[in-house]
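Fold and contact review
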Amino acid sequence: MEALIPVINKLQDVFNTVGADIIQLPQIAVVGTQSSGKSSVLESLVGRDLLPRGTGIVTRRPLILQLVHLAAEDRRKTGEENGVESEEWGKFLHTKNKIYTDFDDIRQEIEAETERISGNNKGISDEPIHLKIFSPHVVNLTLVDLPGITKVPVGDQPKDIEIQIRDLILKHISNPNCIILAVTAANTDMATSEALKVAREVDPDGRRTLAVITKLDLMDAGTDAMDVLMGRVIPVKLGIIGVVNRSQLDINNKKSVADAIRDEYAFLQKKYPSLANRNGTKYLARTLNRLLMHHIRDCLPELKTRINVLAAQYQSLLSSYGEPVEDKSATLLQLITKFATEYCNTIEGTAKYIETTELCGGARICYIFHETFGRTLESVDPLGGLTTIDVLTAIRNATGPRPALFVPEVSFELLVKRQVKRLEEPSLRCVELVHEEMQRIIQHCSNYSTQELLRFPKLHDAIVEVVTSLLRKRLPVTNEMVHNLVAIELAYINTKHPDFADACGLMNNNIEEQRRNRMRELPSAVPRDKVTKVSAFIHSSESSICRLVTSACLLLSCPQGAGAQGDQEAGTGNWRGMLKASKEDWTSEERTKHQSSLPASPQKGHAVNLLDVPVPVSRKLSAREQRDCEVIERLIKSYFLIVRKNIQDSVPKAVMHFLVNHVKDSLQSELVGQLYKSLLLDDLLTESEDMAQRRNEAADMLKALQKASQIIAEIRETHLW
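Residues numbered from 1 in each chain as written. Predicted model: local features only at pLDDT ≥ 70, side-chain atom pairs only at ≥ 80, totals over all residues. Heavy atoms only, no water.

Turning to the overall build of the protein chain, a few remarks are in order. Looking only at helices and strands, one finds 24 helices and nine strands in the protein chain. Across the 721 residues that make up the protein chain, the buried fraction comes to 45%. Long-range pairs, those at least 24 residues apart, make up 80% of the contacts in the protein chain between residues at least 6 apart in sequence. Of the accessible surface of the protein chain, which amounts to about 38300 Å², a share of 52% is contributed by carbon and sulfur atoms. (Helix = DSSP H or I, 4+ residues; strand = E, 2+ residues; numbered from the N terminus. Buried < 20%, exposed > 50% of the residue type's maximum accessible area, 1.4 Å probe, protein only. Contact = heavy atoms within 4.5 Å. Areas by Shrake-Rupley, 256 points an atom, 1.4 Å probe, with all protein chains shown as cover.)

Turning our eyes to something else, we now look at the sheet that holds strand 6 (residues 141-145). Strand order in this open sheet of nine strands is 4-3-5-2-6-1-7-8-9, and the pairing throughout is mixed. Two strands close off the open sheet at either side, each with one partner strand: strand 4 (99-100) and strand 9 (240-242). Strand contacts of helix 6 (residues 194-202): strand 1 (27-32), strand 7 (178-185) and strand 8 (209-214), with the helix running at about 155° to strand 7, the strand carrying the most contacts. (Pairing = 2+ DSSP bridges. Axes fitted to C-alpha atoms, helices over the stretch in contact; angles between N-to-C directions.)

What follows covers helix 4 (residues 103-118). A rise of 1.5 Å per residue sets the reference length of helix 4, with its 16 residues, at 22 Å; its end C-alpha atoms lie 22 Å apart and thus fit the reference within 8%. Every buried residue of helix 4 is listed here: Phe-103, Ile-106, Arg-107, Glu-109, Ile-110, Glu-113, Thr-114 and Ser-118. Along the axis of helix 4, the buried residues cluster in a sector spanning 160°; they form a single face. With a side-chain oxygen lying 3.0 Å from the backbone nitrogen of Asp-104, the N-terminal cap of helix 4 falls on Asp-102. (Expected span 1.5 Å × (residues − 1). Arc of directions from axis to C-beta. Polar contact = N/O pair within 3.5 Å; in protein donor to acceptor, adjacent residues only side chain to side chain.)

Our focus in this paragraph is the nonpolar core. Counting residues in hydrophobic clusters, the biggest one holds 69 residues, and the most contacted among them are Tyr-343, Met-438, Leu-459 and Leu-671. With 19 residues, the top contributor of residues to this core is helix 22 (residues 623-675). What Met-438 contacts, discounting residues up to four positions off in sequence, is Tyr-343, Ile-347, Ile-365, Leu-471, Leu-659, Val-660 and Val-663. Of all hydrophobic cores here, the second largest spans 57 residues; its members include Val-14, Leu-141, Val-183 and Ile-712. (Core = buried A, V, L, I, M, F, W, Y, C linked by side-chain atoms within 4.5 Å.)

With that settled, consider the packing of aromatic side chains. The tally for this structure, following the rule as stated, stands at five aromatic pairs. On the basis of an interplanar angle of 20° and a centroid distance of 5.2 Å, the ring pair of Trp-89 and Phe-134 is categorised as stacked. With a gap of 45 residues between them, Trp-89 in strand 3 (residues 89-92) and Phe-134 in strand 5 (residues 129-135) connect regions that are remote in the sequence. (Phe/Tyr/Trp six-rings, centres within 6.5 Å; stacked < 30°, edge-to-face > 60°.)

Our focus in this paragraph is the pairing of strand 1. Strand 1 sits mainly inside the fold: six of its six residues count as buried. The alternating pattern of strand 1 places Gln-27, Ala-29 and Val-31 on one face and Ile-28, Val-30 and Gly-32 on the opposite face, and all of these are buried. Judged from the six bridges that link them, strand 1 and strand 7 form a sheet pairing that is parallel. Residue pairing across strands places Ala-29 opposite Ile-180, the latter belonging to strand 7. By the bridge criterion, three bridges tie strand 1 to strand 6 in an arrangement that is parallel. Looking at the pairing, Val-30 lines up with Asp-145 of strand 6.

This part takes up unusual backbone geometry. Unusually for a residue other than glycine, Lys-215 sits at a positive phi of about 60°. Residue placement: Lys-215 occurs in the loop between strand 8 and helix 7 (226-229). The class of Lys-215 is partly exposed, set by a relative accessible area of 24%. A positive phi is found at Lys-254, a non-glycine position, where the angle reads about 60°.

As a further point, take the side chain of Thr-287. Structurally, the position occupied by Thr-287 is in helix 10 (residues 281-321). Among the residues examined, Thr-287 registers a relative accessible area of 4% and is labelled buried. Not counting residues up to four positions away in its chain, the partners in contact with Thr-287 are Leu-210 and Ile-241.

Glancing now at the environment of Gly-374. Following the sequence through the fold, Gly-374 ends up in helix 12 (residues 362-379). Separated by 56 residues in sequence, Gly-374 and Cys-430 place their C-alpha atoms 9.6 Å apart. Not counting residues up to four positions away in its chain, the partners in contact with Gly-374 are Ile-368, Phe-369 and Gln-648.

Under the definition given, this model contains 20 salt bridges. Put simply, Arg-246 and Glu-43 hold a salt bridge, and the shortest N to O gap is 3.1 Å. Of this pair, Arg-246 sits in the loop between strand 9 and helix 8 (248-252) while Glu-43 sits in helix 2 (residues 38-46), and the two are 203 residues apart along the sequence. By the burial criterion, Arg-246 is buried, and Glu-43 matches it. (Salt bridge = Lys/Arg side-chain N within 4 Å of Asp/Glu carboxyl O.)

The following block contains the structure:
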């Protein structure tokens, strides 16, 4: 198991070169309040003076300290490789291969590097310093020395220094693979320990927290730390270990760490004889070594899986960035062809990346044709915006100055054209929706289908511009065709249309049936030969619509029943009523009504303006007027449904031919013609500024992950136990 810690050190070296924290490696983080003795504990573990010392905040950047144990044979071999004759030396990551054999130089380099990043104003930084110590007097360990917890800003420190330090500590100890070394001074109450409080926030079960009690020799006279070291005050699962560090006076007097460890052992034997073998710096080093090895063993399977997964992800990411362009001409043609193919495939529904959250491409166009456009046309009322008064007015306007004996056919054409014209707006809206969807397909292809285009933003913009321009050119042509489809329907009202003739025939049969029924009920005053002549005139008419409206007129002339009186209101009674009964036949009541409807007689001295036309007021329609309007409305509805069916069928066909299929067929040739030019090659295939950098970063990370995977693969199962 001793081989596990060097493996983790190698992994740290690998990932430190790429400056990434994507892998959470097992390590030991030292946490404690300011001046609680954290750095002194680390120096005791190393056995040398190598860390900056003093009062106030000294550690202002995380220090990742890797201790590498060297046996005699390994020391000679490693010393020869590095050209070092000393048995102990150190190396910093930021100074590359520079070897430090003087530990005073190491301390000065730490101070200089701290000031270089954090400045001179007692501020802190989360950028770590990496130091590796090679020595035969250390055990294999990886420790992280963190800034001490403070409460009050001192000097030029920012006001939120407490929050900054707390966030920095939590960033390191939140790693589930990190063992927390909570350092607390013995001359303070352990219940007020900030280190244990912070540790419990991220490790409530205490499974990875080890408590260290420093300054055992500075406790008040008459008190001891027996209860604390036995775990009676606050129990800690991994244990509580007491140590005695050098005082500031000892440091000033250049007291060596070896002498301090001997004095510590003597103090423990004298003050805590029963606990001496389970406390002290040497026991702490062995305990940390053992904990770290077991912790690494537990984390290794998950670590291996994580590295393999990340390696696969970065391999895919690197592939998406593509290789640097060598043959620009071939690359450009390939990208244009691929985009055009993907665009057409998206319309056809055979694209590689199929959208699952919403309709896209050809499916969306189909939905527009048959759902959006179809339902919109079906919702158009054949008689919408057309009142009975409008119909009646059209009938009267079509007759001119002469009273109408029959319903004029011109009124039907006038009104039906007005209704058919209403189909043009939804048809043009259908073209607009399809155009918008084909515009959206461009973005879909850019995002999902051709990731390579993201490498070349200028090429992407140029392709979007060419396709948008092509769609823009086809839009007026398609709109013109759809407009013509409606104009064609308006140009000729085909009353001989089979479907319209069937509808007219059905209506004619109904009216004929009613006419025959009423013929039987005609009073004897009406000569039947006249009715026969009129009927013959109706059937001799060439136009089916003329026959229909004339039959309706004949029906209007028939009495309501056999018991009806001969003299009824004009237009609702017998033949005499139809032929405008003379005033002599009017009743006194009718004559009164007629006179009241006339303008007042001009009085003497009053001028009359003959151009004044009485404004028509709403009134109840006569039976004839009502039936005339009903006939026209039925004819309009019948013909409108025929035209709507034609439009619903022909508009999608026109859109597909003039817009969709034309763009599909000419897209690639348009792109090649506009973009495949030697003068544009260099400009179009210019990568985005950060693309090369991201490709290099991904390549470095992939290389590091592959190396890490290789390092872990070298571990044999026998090393784990």
